[in-house]
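# Descriptive analysis of the structure
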Amino acid sequence: MPRRPPTPGARKRPRRPAAQPGSPTARGEAVDPRLLLPADFELGAPSLAHAPPDSGREVAFAGRSNAGKSSVLNRLTGQRALARTSRTPGRTQHLNFFRVDDAARLVDLPGYGYARADLETRDAWQVHVEAYLSARQALVGVVLVMDVRHPFQPFDEQLIAWAGSSAIPLLVLLNKADKLGHGARADTLRSATERLRDTPTAEAILFSALRGMGAETALRRVRQWLCLPETPDGAASSGPQLVTGQDPDA
Ligand code: GDP
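Residues numbered from 1 in each chain as written. Predicted model: local features only at pLDDT ≥ 70, side-chain atom pairs only at ≥ 80, totals over all residues. Heavy atoms only, no water.

### Looking at the pairing of strand β4 (residues 104-108)
Operational definition: Throughout, exposure labels follow a simple rule: accessible area from a 1.4 Å probe, protein chains only, divided by the maximum for the residue type, with under 20% read as buried, over 50% as exposed, and the rest as partly exposed. The helix count covers DSSP runs of H or I at least four residues long, the strand count covers runs of E at least two residues long, and both are numbered beginning at the N terminus. Two strands pair if DSSP finds at least two bridges between them.
Burial analysis of β4 places five of its five residues in the buried class, the great majority of the element. In β4, alternate side chains face the same way, and those of A104, L106 and D108 on one face and R105 and V107 on the other are all buried. Relative to β4, strand β2 (residues 57-63) runs parallel, the two being bridged by five bridges. In the strand pairing of β4, E58 is matched with R105. Pairing of strand β3 (residues 95-101) with β4 involves five bridges; the strand directions are antiparallel. Opposite D101, over in β4, you have A104 as the bridge partner. The turn linking β3 back onto β4 is made up of two residues.

Written as structure tokens, this is what we have:
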């Protein structure tokens, strides 16, 4: 069929600009791009013995497979290729180290599999992750990614208990919050906060790697742990403080 010539004066439908990392997306939240944590892949360690020197400050990312850990890392770093690096075959069970600067790293811990994960996978996870968590001096905080619809799985509970007993700060991201309505989100946040009451070093926030919800709060927290400037103008915030999870739509 021949193409219809454009009608003179007809309004062209504006083309939607490609979403930039950190920019507002449809129904999403703006994240100041200056807060992002650009990071370069440093190395994938099959065990703690292969990790970079235990110096500087490290924030580790943990979560059950499919909770959205890779998407969270992409969102916080503004880099799509970052989490892909961790997914390179052979590296999925590695501790993957990403350099933010000379004294700061992000560490992508292997995703904990489903309950039916084969024993070998579970063993690898336990050996390497537990060794890392218990021995790493550089570790200053852990980000635990949970699917907001299936929070507090056994592995999550294990990690929360560990964080409580070792007094390591823990930020729990209730990810995929875009999948819930406003009321359900608020209820989940309330019960998560209640559940973490006995773990003073832990806090939960609603998060959506897809939409950017909660990203700014998470970025400020991770920056604080890594001793990076917390505000775009470079000023550090005054002293440590716990951020209570807030429903950004509230
Ligand atoms: P990982 O296995 O924990 O690294 O999980 P991925 O980052 O690969 O995410 C698993 C699936 O969940 C993918 O299909 C993602 O697109 C999806 N996902 C991740 N984060 C979100 C989110 O915030 N909202 C929604 N709706 N989907 C998400």
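So that's the structure; there's more coming.
### Overview of the packing of aromatic side chains
Here is the rule we go by: Stacked, edge-to-face and tilted labels apply to pairs of Phe, Tyr and Trp rings (six-membered ring for Trp) whose centres lie within 6.5 Å, assigned for plane angles under 30 degrees, over 60, and everything in between, in that order.
The final tally for this structure, using the stated rule, is two aromatic pairs. On the basis of an interplanar angle of 65° and a centroid distance of 6.2 Å, the ring pair of F97 and Y132 is categorised as edge-to-face. Of the two residues, F97 sits in strand β3 while Y132 sits in helix α3 (residues 119-135), which places them 35 residues apart along the sequence.

### With respect to the confidence of the model for the protein chain
Reading predicted coordinates in detail is not appropriate for stretches of low pLDDT. We count it as follows: Residue-level confidence of the predictor is what pLDDT reports, using numbers from 0 through 100. Any two residues whose heavy atoms approach within 4.5 Å at even a single point are treated as in contact.
Per-residue confidence for the protein chain averages 82 on the pLDDT scale, and 74% of its residues sit at or above 70. Considering only residues more than four positions removed or in separate chains, one finds that residues 7-26, a stretch of pLDDT under 50, has 14 contacts. Within the model, the stretch residues 237-250 combines pLDDT values under 50 with 29 contacts to residues more than four positions away or in other chains.

### Let's talk about the pattern of salt bridges
Between side chains of opposite charge, pairing is possible as soon as their charged atoms come close. To be explicit about the condition: The term salt bridge refers to a pairing of a side-chain nitrogen on Lys or Arg with a carboxyl oxygen on Asp or Glu at a separation within 4 Å.
In this structure the tally under the stated criterion is 14 salt bridges. Between E42 and R105 there is a salt bridge, and its shortest N-O distance comes to 2.9 Å. Note that E42 is positioned in strand β1 (residues 40-45) and R105 in strand β4, a separation of 63 residues in sequence. Residue classification places E42 among the partly exposed residues on the basis of a relative accessible area of 32%. E58 serves as the salt-bridge partner of R105, at 2.7 Å between the closest nitrogen and oxygen. Note that R105 is positioned in strand β4 and E58 in strand β2, a separation of 47 residues in sequence. The class of R105 is buried, set by a relative accessible area of 10%. Salt bridges here are not isolated pairs; linked through shared partners, they connect E42, D54, E58, R105 and R136.

### With respect to helix α5 (residues 182-195)
Put simply, the test is: What a helix should span is 1.5 Å times the count of its residues minus one. The arc in question is the one traced by the directions running from the helix axis out to the C-beta atoms.
Taking 1.5 Å per residue as the helical rise, α5 with its 14 residues ought to reach 20 Å, and the 20 Å between its terminal C-alpha atoms agrees with that figure. Restricting attention to buried positions, one finds in α5 the residues R185, T188, L189 and A192. Here the buried residues of α5 occupy an arc of 100° about the axis, which is enough to place them on one side. Taken together, the buried residues of α5 touch β6 (170-175) and β7 (202-206).

### Thoughts on the pairing of β6
How we decide: Crossover handedness is defined by viewing with both strands directed away from the observer: a clockwise path from the first strand over the helix to the second marks the crossover as right-handed.
Counting buried positions over the six residues of β6 gives six, a clear majority of the element. A two-sided burial pattern is seen for β6, the buried positions comprising L170, V172 and L174 on one face and L171, L173 and N175 on the other. Pairing analysis gives six bridges linking strand β5 (residues 139-147) to β6, with the strands arranged parallel. When the sheet's bridge partners are listed, V145 is paired in β6 with L173. In this fold, the crossover linking β5 to β6 by way of helix α4 (residues 154-166) has right-handed handedness. Two elements, β6 and β7, share five bridges in a ladder whose sense is parallel. Bridge pairing in β7 links L171 to E203. Each parallel crossover has a hand, and for β6 linked through α5 to β7 it is right-handed.

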